[in-house]
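Inside the fold
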Amino acid sequence: MQAALTLLKKVRPVNRDGVAMSEQELFRLLRRSYFGAAEPAERQIALHDEVIESVQALATSGDARAALWRTFVDQLSPSFGQDAVAIRESIGDSMDRVLRELLSAADRAALLRSWAVSPPSWLPDHAGLLGWLGEYSSEVEARDAALAWFTRAIELGAVPIAYWKVRLTWADPDLDEAATVDYLEDVSDDLIAKAVLPGDPEERLGDARSWTPQSAVQDSIRSTLIADFMLSRLQLDDLIEFGTTSFNTKGHTGAGGLAVEAYLRRSGMDMRGAHTLDLSAGLALALKIRDARRRWGLSSGGAVARAMRAYAMLTNYEGAWNLSHPPTATQAEADHPEVRSESAVLLALFGNVRAAREQLDEATPRWVKLQVASREAELADDADRAAALLSEAIDAAEKESDKADLCFRYAILGHVHPFVDELRGANPGIASELELIAELYTNVPGAEQRVRAQAPKNPRLSLALIGYYEKIGKTKELVFIAEQAAQEWGDAELWLRAARALQGSRTTALLSSAHPAPCRSAAPTGATSSTPMSYSLSAGHHSATSPPR
């Protein structure tokens, strides 16, 4: 277009009144004449180009540029938007182009990776901007790009240096704990470093609270650290309030996601009959976070994985399964490692190991793969191998919460993992329950009586006892405990479970009377009676009687 205008400028045209015309006016007349004779498709392309050029021209005016900038910022999360505004004050119009290119990209992670390898010539070598790009890369699952951006930002003197070095350690998959300690040695006295380095959890929580962030994204990281410490200490009521407020008021999805975790955990520990309400609230919050992250163009797979767990713990396996696949899920969500892991574990626990293995890939954590292998061994009646593989899974899990979940399944297999001793310091009650469940499932004298004594006020022990009675075929006792628990906590699923057990026993009796030989009913294909309890305890709630489809 610019070349055409240059040529038309030499023509010096006039209108019919003899008044000189600008080259722009002549160009518009010529283009309109051309459109009249052009093919529809060609005309549409030309019109599209004209609109784009007009918008770009409009964007060069002050008021329009300000409005366009505001549109860009509004498409970001509150934290990234606030920091983008601050960076623009330092680098000027270049930040406009950064957002225009980033927000219009079909694949933001791919664009950030491309820039990290070969930065555009127009991209300023500004420490704050490069750090921001690293933070954004982390939120769209471009961890390799994040590492490159953080490295360059630190080389350029990004401040506060301790924060940026911490972010680099999170992005570098090759740094183990020892290497991380060495790398952060020169900033180990900084509060953010003290909060993430090994040490007393209470002191680290205090350091996280005392740290003063210097940007909005840093403030969101502080919220996540505080929430994570609360979760590790099982300060669930405080975490739910803190994380929910952080999300609702500041858009902090990290702390909000951990509030979802707190809801799920409290649902299995609450003695006040509110576990179903907790699961519903956790599900609603997880879906709100998913929707917000979708709107901001950030990875939403983690929120989907938590929502899947909530659905499963509410025994809505169809809902959990639908969340993991299009059209309910975006393709990016369906491909997310956490979503695939949740799908694999869910399928394996319900006996569909073949389908579970189809969900595994290079990105699947080793501890998830070991769970699937353990379940496969359990279905093959190889109890020793199942236990050994599950023990390996506990060792391989990085998060304490994941280790604790697996310890419940391990207890059902009749074993107490050494991690329980570590758990005992902060959660002596949980540790004792795990030991008691293991004793119950290995028929230690007196264990059944002790569990029965505590079960009326303890959801986890009630579920463990129900599963135990299912395993040994004590239908009368199962129905009694299930009805007792259902009445205590107002749980319709437990009433249904009791009814099914009672109906099953009557059906077996009728078949026995009709046939001389004993008649044993087989469990549904790919499922066993221990499957529901295995999932219930590892997830913290109840289970259904059929696998997801």
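For every chain, the first residue of the written sequence is number 1, and numbering continues from 1 onward in sequence order. Selection of residues for local features in this predicted model requires a pLDDT of at least 70, selection of side-chain atom pairs for listing and counting requires 80 or more, and totals for whole chains, interfaces and linings are taken over all residues. The side-chain values count all of the structure's non-hydrogen atoms but skip hydrogen atoms and water molecules.

1. Here we look at the overall build of the protein
Short version of the rule: Secondary structure follows DSSP: runs of H or I at least 4 residues long count as helices, runs of E at least 2 residues long count as strands, and numbering of each begins at the N terminus. In what follows, residue pairs with any heavy atoms lying within 4.5 Å of each other are defined as contacts. In short, Shrake-Rupley with a 1.4 Å probe defines the accessible areas, and a residue's cover is counted only from the protein chains shown.
Helix and strand counts for the protein stand at 32 helices and zero strands. The contacts in the protein between residues at least 6 apart in sequence include a share of 56% that link residues at least 24 apart. When the accessible surface of the protein is summed, it comes to about 26600 Å², and 52% of that surface belongs to carbon and sulfur atoms.

2. Considering the pattern of salt bridges
For the record, the criterion: Salt bridge criterion: a side-chain nitrogen from Lys or Arg within 4 Å of a carboxyl oxygen from Asp or Glu. When accessible area is computed with a 1.4 Å probe and restricted to protein chains, residues below 20% of their type maximum are described as buried, those above 50% as exposed, and intermediate ones as partly exposed.
Scanning the entire structure with this criterion turns up 27 salt bridges. Between Asp186 and Lys165 there is a salt bridge whose closest N-O contact spans 2.8 Å. One end of the pair, Asp186, is in the loop between helix 11 (177-183) and helix 12 (191-196); the other, Lys165, is in helix 10 (residues 161-171), with 21 residues separating them in the sequence. Among the residues examined, Asp186 registers a relative accessible area of 58% and is labelled exposed. Here Lys165 falls in the buried class, since its relative accessible area comes to 8%. What you see here is one network of salt bridges that share partners, running through Glu261, Arg265, Arg306, Arg309 and Asp405.

3. Points about the nonpolar core
Counted only if it meets this: Residue types Ala, Val, Leu, Ile, Met, Phe, Trp, Tyr and Cys, when buried and joined through side-chain atoms within 4.5 Å, form a set referred to as a nonpolar core.
One finds Met95, Leu99, Trp132, Leu133 and Tyr136 to be the most contacted residues of the largest nonpolar core, which totals 91 residues. Residues within four places of Leu99 in sequence aside, it is in contact with Trp69, Phe72, Val73, Leu76, Ala84, Ser104 and Trp132. Ala377, Leu389, Phe408 and Ile412 belong to the second largest nonpolar core, which has 56 residues in total.

4. Comments concerning the environment of Tyr410
With respect to the element layout, Tyr410 can be found in helix 25 (residues 400-412). For the pair Tyr410 and Ile437, spaced 27 residues apart in the sequence, the C-alpha separation amounts to 9.6 Å. In this structure Tyr410 touches Ala387, Leu390, Ser391, Ile394, His415, Val416 and His417, once residues within four positions along its chain are discounted.

5. Things to note about helix 21 (residues 337-349)
Rules: Here, expected helix span is obtained from the residue count minus one, scaled by 1.5 Å.
Here helix 21 contains 13 residues, and its C-alpha end-to-end distance of 18 Å stays within 8% of the 18 Å for a straight helix at 1.5 Å per residue. Taken across its 13 residues, helix 21 has 10 buried, putting it largely inside the fold. When helix 21 is considered as a whole, its buried residues turn out to be Val339, Arg340, Ser341, Ser343, Ala344, Val345, Leu346, Leu347, Ala348 and Leu349. At the exit of helix 21 stands Gly351, carrying a positive phi of roughly 95°.

6. Some thoughts on unusual backbone geometry
Between Val159 and Pro160 the backbone carries a cis peptide bond, its omega angle lying at -5°. Within the secondary structure layout, Pro160 lies in the loop between helix 9 (143-155) and helix 10. With an omega of 10°, the peptide bond running from Pro326 to Pro327 counts as cis. Even without a glycine there, the phi angle at Leu234 is positive, about 55°. Tracing the backbone shows Leu234 in the loop between helix 14 (216-232) and helix 15 (236-250). Residue class for Leu234 comes out partly exposed when judged on its relative accessible area of 23%.

7. A few points about a negative patch on the surface
For clarity, the threshold we go by: Excluding any residue in a salt bridge, patches collect residues exceeding 30% relative accessible area, merging like charges within 9 Å and nonpolar Val, Leu, Ile, Met, Phe, Trp and Tyr side chains within 5 Å. Positive: Lys, Arg. Negative: Asp, Glu. His and the chain ends are not part of the count. Where a charge lies is defined by one atom per residue type, namely NZ (Lys), CZ (Arg), CG (Asp) and CD (Glu).
Judged by side-chain charge, Asp176, Glu177, Asp182 and Glu185 come together as a negatively charged surface patch. Within the element layout of this structure, Asp176 appears in the loop between helix 10 and helix 11.

8. Considering the packing of aromatic side chains
Here is the rule: Stacked, tilted and edge-to-face are the three classes applied to pairs of Phe, Tyr and Trp rings, where Trp contributes its six-membered ring and a pair requires centres within 6.5 Å; stacked means planes under 30 degrees apart, edge-to-face means over 60, and tilted covers the rest.
Under the criterion given, the structure shown has nine aromatic pairs. For the pair Phe150 and Trp164, a centre-to-centre distance of 5.9 Å together with 45° between the ring planes defines the contact as tilted. Highlighted residues: Phe150 in helix 9 and Trp164 in helix 10, separated in sequence by 14 residues. Of the two residues, Phe150 and Trp164, both sit in the buried class.

9. As for helix 6 (residues 94-104)
Which entries qualify depends on this criterion: The arc in question is traced by the directions running from the helix axis to the C-beta atoms.
Within the sequence span of helix 6, burial applies to Met95, Asp96, Val98, Leu99, Leu102 and Leu103. Along the long axis of helix 6, the arc covered by the buried residues comes to 160°, so they all point the same way.

10. Overview of the confidence of the model for the protein
Do not read the predicted coordinates in detail wherever pLDDT is low. The test is simple: Here pLDDT means the predictor's own confidence in every residue, given as a number from 0 to 100.
Taken over all residues, the pLDDT of the protein has a mean of 83, while the share at 70 or more is 77%. In the model, residues 35-43 has pLDDT below 50 throughout and makes six contacts with residues more than four positions away in sequence or in other chains. Counting contacts from residues 510-549, a segment whose pLDDT is below 50, to residues more than four positions away or on other chains yields 90 contacts.

11. Digging into the side chain of Gln371
Applied cut-off: We call two N or O atoms a polar contact when they sit within 3.5 Å, provided that within protein one can donate a hydrogen and the other can accept it, with sequence-adjacent residues counted only if both atoms are side-chain atoms.
Within the fold, Gln371 resides in helix 23 (residues 366-379). A polar contact of 3.4 Å, which involves the side chain of Gln371, links it to the side chain of Arg409. If near-sequence neighbours (up to four positions away) are discounted, Gln371 is found in contact with Val345, Leu390, Ala393, Leu406 and Arg409.

12. Structural notes on the side chain of Arg340
With respect to the element layout, Arg340 can be found in helix 21. Given the relative accessible area of 17%, Arg340 is considered buried. Among the polar contacts made by the side chain of Arg340, one reaches the main-chain carbonyl oxygen of Gln359 at a distance of 3.0 Å. Filtering out sequence-adjacent residues up to four positions away, Arg340 remains in contact with Ala334, Asp335, Glu358, Gln359, Leu360 and Asp361.

13. Some details on the environment of Ile240
When you line up the elements, Ile240 lands in helix 15. Residues Ile240 and Gly282, 42 residues apart in the sequence, show an inter-C-alpha distance of 9.3 Å. Filtering out sequence-adjacent residues up to four positions away, Ile240 remains in contact with Ala259, Ala262, Tyr263 and Arg266.

14. With respect to the packing of helix 25 against helix 26 (residues 419-426)
Packed helices, taken two at a time, are described by the angle between their axes plus the distance between the axes. Which entries qualify depends on this criterion: Simply put, an axis is a line fit to the C-alpha atoms, just over the touching stretch for a helix, and the angle between two N-to-C directions goes from 0 to 180 degrees. Two helices that cross are described as forming a left-handed crossing if the nearer one is turned anticlockwise from the farther one by less than a right angle, and a right-handed crossing if clockwise. Each residue is assigned to one class: nonpolar for Ala, Val, Leu, Ile, Met, Phe, Trp, Tyr, Cys and Pro, charged for Asp, Glu, Lys and Arg, and polar for all the others, Gly among them.
One way to put it is that helix 25 packs onto helix 26 with a least axis distance of 11 Å and a crossing angle of 115°. Taken as a pair, helix 25 and helix 26 cross one another with a handedness that is left-handed. Counting all contacts with helix 25, which are made through Glu400, Lys403, Ala404 and Cys407, the residues of helix 26 involved are Phe419, Val420 and Leu423. Partitioned by chemical class, the residues of the contact of helix 25 with helix 26 number five nonpolar, no polar and two charged.

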